[in-house]
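Structure at a glance
Given next are the chains, with one letter for each unit.
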Amino acid sequence: MKSTAMSTKVYKVVSVTAIVILAVLFAFPLYWIVTGSFKTAQEINATSPAWWPSEWVLTNYEKLFSKQVAPLFSITVPFTDITFAGPQVPAAIRWLVNTVFMAVAAMGLTCATAAMAGYALAKKRFFGRTVVFTMIVCAMALPKQVILIPLLREMSALKLYNTLWAVILPIVGWPFGVFLIKQFAEGIPGEMMEAARIDGASEWKTFSHVALPMIKPGIGALAIFTFINSWNDYFMQLIMLTSTETSTISLGIANMQAENSTDFGLIMAGAALAAIPIIIVFLIFQKYFTKGITMGAVKG
Amino acid sequence: MSNRSRALARRETMAGYAFLLPSLIFFVGFVIYPMIQCVYTSFFDSTMGREDIFVGFKNYVDLAKDEIFWGALKNTVVIVIVSVPVTCIFSLWVSSVIYNMKGPACSAFRCIFYLPVVTGSVAVAVVWKWMFNNYYGIFNYVGKGVGLLDKNINWLGDERFALGCIILILLTTSVGQPIVLYVSALNNVDQSLVEAAQVDGANKFQCFWKIKWPQIMPTTLYVLVITTINSFQCFALIQLLTSGGPNHSTDTIMYYIYYSAFKLYKYGYGNAMGVVLAVIIAVLSAVQFKLAKTD
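What you see is a predicted model, and the numbers here were worked out from it, not measured in a lab. (Residues numbered from 1 in each chain as written. Chains lettered and ligands numbered in written order. Predicted model: local features only at pLDDT ≥ 70, side-chain atom pairs only at ≥ 80, totals over all residues.)

The next subject is the overall build of chain B. Within chain B one finds 14 helices and two strands. Over its C-alpha trace chain B gives a radius of gyration of 24 Å, far above what one expects of a compact globule, namely 19 Å for 295 residues. Principal-axis analysis of the C-alpha atoms places the extent of chain B at approximately 85 × 75 × 35 Å. For chain B, the proportion of contacts with a sequence separation of at least 24, taken over those separated by at least 6, is 70%. (Helix = DSSP H or I, 4+ residues; strand = E, 2+ residues; numbered from the N terminus. Rg over C-alpha atoms; globule rule 2.2 N^0.38 Å. Contact = placed C-beta atoms within 7 Å.)

Attention now goes to the overall build of chain A. Within chain A one finds 14 helices and four strands. Once the C-alpha set of chain A is aligned to its principal axes, its extents read approximately 80 × 75 × 35 Å. For chain A, the residues scored as buried account for 45% of the 300 residues in total. In chain A, the share of contacts with a sequence separation of at least 24, taken over all contacts with a separation of at least 6, comes to 71%. (Buried ≥ 20, exposed ≤ 12 C-beta atoms within 10 Å, placed from the backbone.)

All names here are of chain B. Helix length check: helix α4 (residues 105-119), at 15 residues, gives a terminal C-alpha distance of 21 Å against a target of 21 Å (1.5 Å per residue), a fit within 8%. The largest bend in α4 amounts to roughly 40° and is located at F113, with the proline P116 lying one to four residues further along. Among the 15 residues that make up α4, 11 are buried, leaving the element largely enclosed by the rest of the structure. Listed as buried for α4 are F109, R110, C111, I112, F113, Y114, L115, P116, V117, V118 and T119. Of the residues flanking the end of α4, it is G120, one or two places downstream, whose phi is positive at about 95°. (Expected span 1.5 Å × (residues − 1). Bend = angle between axes of the 7 residues up to and from the residue.)

To continue, consider the domain arrangement of chain A. We note that the domain assignment places domain 1 (2-37) and domain 2 (92-251 + 276-297) within chain A. The C-alpha-based centres of domain 1 of chain A and domain 2 of chain A are spaced at 35 Å. (Domains from an automatic or database assignment.)

Mapped onto the elements, G157 of chain B comes out in the loop between α6 (138-145) and α7 (162-174). Taking C-alpha positions, G157 of chain B is 9.4 Å from N247 of chain B, a pair spaced 90 residues apart along the chain.

It is worth spelling out the packing of helix α3 (residues 67-98) of chain B against helix α8 (residues 176-187) of chain B at this point. Describing two packed helices takes the angle between their axes plus the distance from one axis to the other. All names here are of chain B. Contact pair α3 / α8: the axes reach a minimum separation of 8 Å and the direction vectors enclose 45°. The orientation of α3 with respect to α8, classified from their angle, is oblique. Crossing angle aside, the handedness with which α3 passes α8 is right-handed. For the pair α3 and α8, contact is made by T87, C88, S91, L92, V94, S95, S96 and I98 and by P178, I179, Y182, V183 and L186, respectively. Of the residues that constitute the contact of α3 with α8, the class distribution is nine nonpolar, four polar and no charged. (Axes fitted to C-alpha atoms, helices over the stretch in contact; angles between N-to-C directions. Parallel < 35°, antiparallel > 145°, perpendicular 65-115°, else oblique. Left-handed = near helix turned anticlockwise from the far one by under 90°. Nonpolar A, V, L, I, M, F, W, Y, C, P; charged D, E, K, R; others polar.)

What follows covers the interface of chain B and chain A. The interface of chain B with chain A comprises 73 residues on the first partner and 74 residues on the second. The element contributing the most residues to the side of chain B that touches chain A is helix α1 (residues 3-41) of chain B, with 19 residues.

All names here are of chain A. The geometry of helix α12 (residues 249-259) relative to helix α13 (residues 264-284) is characterised by a closest axis approach of 9 Å and an angle of 170° between their N-to-C directions. Classified by the interaxial angle, the pair formed by α12 and α13 is roughly antiparallel. Contacts between α12 and α13 involve I249, S250, I253, M256 and Q257 from the former and L266, I267, G270, A271, L273 and A274 from the latter. Looking at the contact of α12 with α13 residue by residue, the classes come out as eight nonpolar, three polar and no charged.

Right, let's talk about the nonpolar core for a bit. In this structure, Y119, I181 and A271 of chain A together with V127 of chain B are the most contacted members of the largest nonpolar core, which totals 173 residues. If you tally residues by element for this core, the top one is helix α4 (residues 91-123) of chain A, at 17 residues. (Core = buried A, V, L, I, M, F, W, Y, C linked by C-beta atoms within 7 Å.)

The subject of this paragraph is unusual backbone geometry. One non-glycine residue, N162 of chain A, lies in the positive phi region at around 65°. Residue position: N162 of chain A is located in the loop between α6 (148-157) and α7 (165-173). Take N162 of chain A: there are 16 C-beta atoms within 10 Å of it, and that puts it in the partly exposed class. Positive phi, normally seen in glycine, also occurs at N247 of chain B, with a value near 55°. Locating N247 of chain B in the fold gives a position in the loop between α12 (236-241) and α13 (253-262).

Further remarks concern the confidence of the model for chain B. For residues with low pLDDT, the predicted coordinates do not support detailed interpretation. Per-chain confidence: chain B averages 87 in pLDDT, with 98% of residues scoring 70 or above. Two numbers describe this predicted complex: its pTM, 0.88, and its ipTM, 0.86. (pLDDT = per-residue confidence, 0-100.)

Looking at the secondary structure, you find P214 of chain B in helix α10 (residues 204-215). Along the sequence, P214 of chain B and V189 of chain B sit 25 residues apart, while their C-alpha atoms lie 9.7 Å from each other.

Below you can see the structure in the form of structure tokens.
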């Protein structure tokens, strides 16, 4: 008995130590990005790497911000050629603006449509419900990249190619959100809906006043999940966006990497600019995010 | 059925579809329609700037004869066979150690292992490219420092190592989600069963395999399915780090689809490959479900 307690303890100590070491290794690339972005060119290109920058410099960021310029924003009046453009700023700033716009729009649209659809699938009994739900589950199991070629042609036909909407709309169409909210809405007690109906509430009132407050945590989880995933959805951005003005931060950095593949300082500055904002968002909303991941898996 | 209840049923159906409609527009427009298009176009010789020409199964026949495709398929299978079990076992092990830690330790570890996912594939790829670099990379420096290497290795430019490097990076970006799932599953294991087993004299090992393992089986299945799908879709790392090279040693199906469609503009051919990939993944998912059900 004593020896098993002993060996359990040894196992515990050894595995915790191993996991601490692994955690350090997992965090290392991020550390390397951030410190690398502040290193001098000599330290970047030294054959024996500097573990800690001996001198913190901003030259890499200066280079990043002086490379290209683009208007801060440009808004085109629909169906016309009239465009309002903002003041010229470094292109990297425009890329951040684009990325935030894309992620926020995708998040808002996804949450709004998924909240209603998930509620309907969980709480309404209607003809065709099972068919719709089966289609959603099957679509989720397929790799979403295989539809990129048809999507590209569809977006060209809709004249949305090389606009942020070409990236946003397919994200909204992806049915994971509906699935997630459905899982959540299953938990709304039937009696509450019944009570609302007896009180004469309209369908919309029942949804907005009874169901919506109850699925709020689910919507929060979905919101943060969509935000982070669309921020990092590189493949779609690579295919749909082609100009400096429409580029996102990930895509901008990837293109920069292709052009200056050995200027690691500049590229690390770009990588830091792409990664740090989204990591901060993740850390703030971590709790919701974790919930979103586990909720989506409840039924597999 | 009375008139009243029929009216109620109709109201329910109308309301159901009204709530579904906004979502269905996006779902059908940007998922279902492209999927149908994908299958349809795979029977055409299709490229930019001219009408598609119907060619029947020619794209599929060409695929079967295409050596690069078979190479890409082989690499994809290697990636899946290595990364899926390693990811599952690694994340289960990490979770089993951290799930009952006191205070913020558990969520701190969970966060750190999730970091590479949040960092985003582009930032991850560029920093690894630097770390693997022939001259300035930290791998060669450390490898020589501890005496493992006697000269610099061009990790990503060497056929023998490139695919291994890609798999290593892929692993760091794929364990985050399974760890979150396993931690939550292990915390949901019925404690009364565990205690009962301990009273009966079961050791930790038996407790795990007899009590906890069956209860976290649904999570394991889910983890298997998502990790398989993710490994099949490995793309950004390849495109940014090796572009399929050297000498096609890191081509994957996903990269080859991209290459055929957006570099060679062979849309029909790319779509045929997409269909094949989708079928492979569907079959694999079905097999995984089947195996898990019979267990």
